[in-house]
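The primary structure of each chain is shown beneath.
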Amino acid sequence: MKIGVEAMACHIPRHYVGLDDLADLRGVDRRKFSSGLDVQNMAIATPAEDAVYLAATAAEKVLEKFDIDPNDIGAVVVGTETGVDHSKPIAVYLHEALSLRTNCTAFEVKHACFGASAGLSWAVDWIASGRARGSKALVVATDIARYGLETAGEPTQGAGAVAMVVSDEPRLLSLEPALVGEYTRNVMDFWRPLHRSEALTDGHYSIECYLTALRACIDDAGPDLPSVEDFDACLYHVPFPKMALKAHSCHRSAEIGSDTARTDAERASYETRVAPWLSLNREIGNVYTGSVYLALLDLLRQGQVPDGGTVSLFSYGSGCTASLRVGQLVDGYHRYADRLDPADQLAARVRLTIEEYEELMSEPGSQGLADWQTHPEAWGLPASRFTYLGTKSHVRQYVGI
Ligand code: HMG
């Protein structure tokens, strides 16, 4: 039985900031962001576009675009580090938003950028065990990445959700159920204390932790892991696109056994196996737990890799835990390129001036307030389905949920 991703869709906020504008404001050489980090734009969510709104919109899209009957969904798993409640999971809001059946399981997974990968792994095992009894799982990654104004992490923010339907009828990518490399170690590389809406990070150390985790996952996957040059595409967690270059260099040197400077062969390998699928990450920024799946979506929408192509997926969650998995592109996957392409969303985006960006980032938010209202119209947003309207007596209010 093949198990994997049957359908995918994403939703990104309406607004974005140009990294050139940010560099100018901060008095930083534009090339530091455009070439040093390889970032171009970053999505910025207004208060009305919270993690529930992003997740529900992506989830509704995935069912509609791939003609999946909501009654076939028997599990909803949401990976996020932007939870909206200490107790109530976003998965339950999604369950209602999509009018799913009641004999369904629903939960939220948190482990920094790893949550959705844990959810995907659980969904594969749930189906393989027979417990799904023919049902499909809806796995959604949803996050708003915020470090705050004038921090080193500021150019590596972003926001968005990626929704996947996982089943035993994968139309896009099948996953090897047992070929996995895993790693966990307690490190303080990135964290967000309960009272904060912005993350704290020891940025350079976090890069080191990410690469150590990648090397450990390669070792743990063992001799059945294909050689890096045998992969048609290598997808990595993308906090900023330059990190994928660092990761690929590390992946190759872990195999070749030396930490040599970037060679022509390494550059060619990166240009073929990694760089082509970073265009969405470059436009949207870090979407935390969805970022490796945004790269997967980019690969699938382009349809350049032949049917049966082998793909590696490296997922890293600060703190830290990581996994390296292997997948295969399903025959005919490129037929779905149009349904997967978020080009219309990108084209409809509005570029914020830096003053608007700073104003938006300084909005106080609803934390601790019993009654509070968002003002979507102030940002030119129609109050569409699932828009977050604020709180009434501490209860979150959404259009249609
Ligand atoms: P920084 O200290 O501002 O930047 O922080 P830098 O000095 O390291 O420069 C960045 C790059 O730009 C360097 O390239 C410079 O050489 C280059 P590198 O040497 O690394 O290849 N550069 C220039 N290039 C061209 N022209 C110039 C120029 N100037 C400099 N004029 C940092 C960068 C990424 C650390 C910061 O933005 C940060 O803290 N980001 C947040 C943390 C992060 O993204 N960590 C990544 C690994 S951990 C992870 O992925 C997990 C995460 O997603 C969270 C989760 O799991 O939930 C973050």
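Refer to the structure printed above.
About the thresholds
- Residues numbered from 1 in each chain as written.
- Predicted model: local features only at pLDDT ≥ 70, side-chain atom pairs only at ≥ 80, totals over all residues.
- Heavy atoms only, no water.
- Buried < 20%, exposed > 50% of the residue type's maximum accessible area, 1.4 Å probe, protein only.
- Helix = DSSP H or I, 4+ residues; strand = E, 2+ residues; numbered from the N terminus.
- Pairing = 2+ DSSP bridges.
- Near = heavy atom within 4 Å.
- Polar contact = N/O pair within 3.5 Å; in protein donor to acceptor, adjacent residues only side chain to side chain.
- Areas by Shrake-Rupley, 256 points an atom, 1.4 Å probe, with all protein chains shown as cover.
- Nonpolar A, V, L, I, M, F, W, Y, C, P; charged D, E, K, R; others polar.
- Contact = heavy atoms within 4.5 Å.
- Axes fitted to C-alpha atoms, helices over the stretch in contact; angles between N-to-C directions.

Colleague: How should the pairing of strand 12 (residues 310-317) be read in this particular structure?
Modeller: If a strand is regular, its side chains alternate between the two faces of the sheet. Most of strand 12 is tucked away: 8 of the 8 residues are buried. Burial of the side chains of strand 12 extends over both faces: Thr310, Ser312, Phe314 and Tyr316 are buried on one face and Val311, Leu313, Ser315 and Gly317 on the other. Summarising the sheet, strand 11 (residues 233-236) and strand 12 pair through 4 bridges and their orientation is parallel. Along strand 12, the bridge assignment pairs Ala233 with Val311. Pairing of strand 12 with strand 13 (residues 321-329), which is carried by 8 bridges, proceeds in the antiparallel orientation. Following the sheet pairing, Gly317 is matched in strand 13 by Thr321.

Colleague: So what exactly am I meant to see when it comes to the site of the ligand here?
Modeller: Not every one of the 28 residues close to the ligand is listed here, only the nearest: Glu81, Cys113, Ala152, His204 and Lys246. Between the ligand and the protein, one listed contact pairs an oxygen atom with a side-chain N or O atom of His204 at 2.8 Å. At a separation of 2.8 Å, a nitrogen atom of the ligand approaches a polar side-chain atom of Ser206. Coverage of the ligand by the protein amounts to 77% of the 1,100 Å² it exposes when considered alone. Contributing elements (two or more residues each) for the shell around the ligand: helix 2 (30-37), helix 6 (203-221), helix 7 (241-256) and strand 12. Here the shell around the ligand gets 5 residues from one element, more than from any other, and that element is helix 6. Of the residues contributing to the shell around the ligand, the split by class is 11 nonpolar, 11 polar and 6 charged.

Colleague: Sorry, what's going on with the sheet that holds strand 14 (residues 350-351) here?
Modeller: Taken together, 3 strands build an open sheet; the order of strands is 3-2-14 and the sheet is mixed. At either margin of the open sheet sits one strand with a lone partner, and together these are strand 3 (41-44) and strand 14. Two elements, strand 2 (residues 15-18) and strand 14, share 2 bridges in a ladder whose sense is parallel. Bridge pairing in strand 14 links Tyr16 to Arg351. Along the sheet face, helix 1 (residues 19-26) touches strand 2, strand 3 and strand 14 and points at about 55 degrees away from the line of strand 2. Lying on the sheet, helix 13 (residues 354-361) is in contact with strand 2, strand 3 and strand 14; it crosses strand 3 at an angle near 40 degrees.

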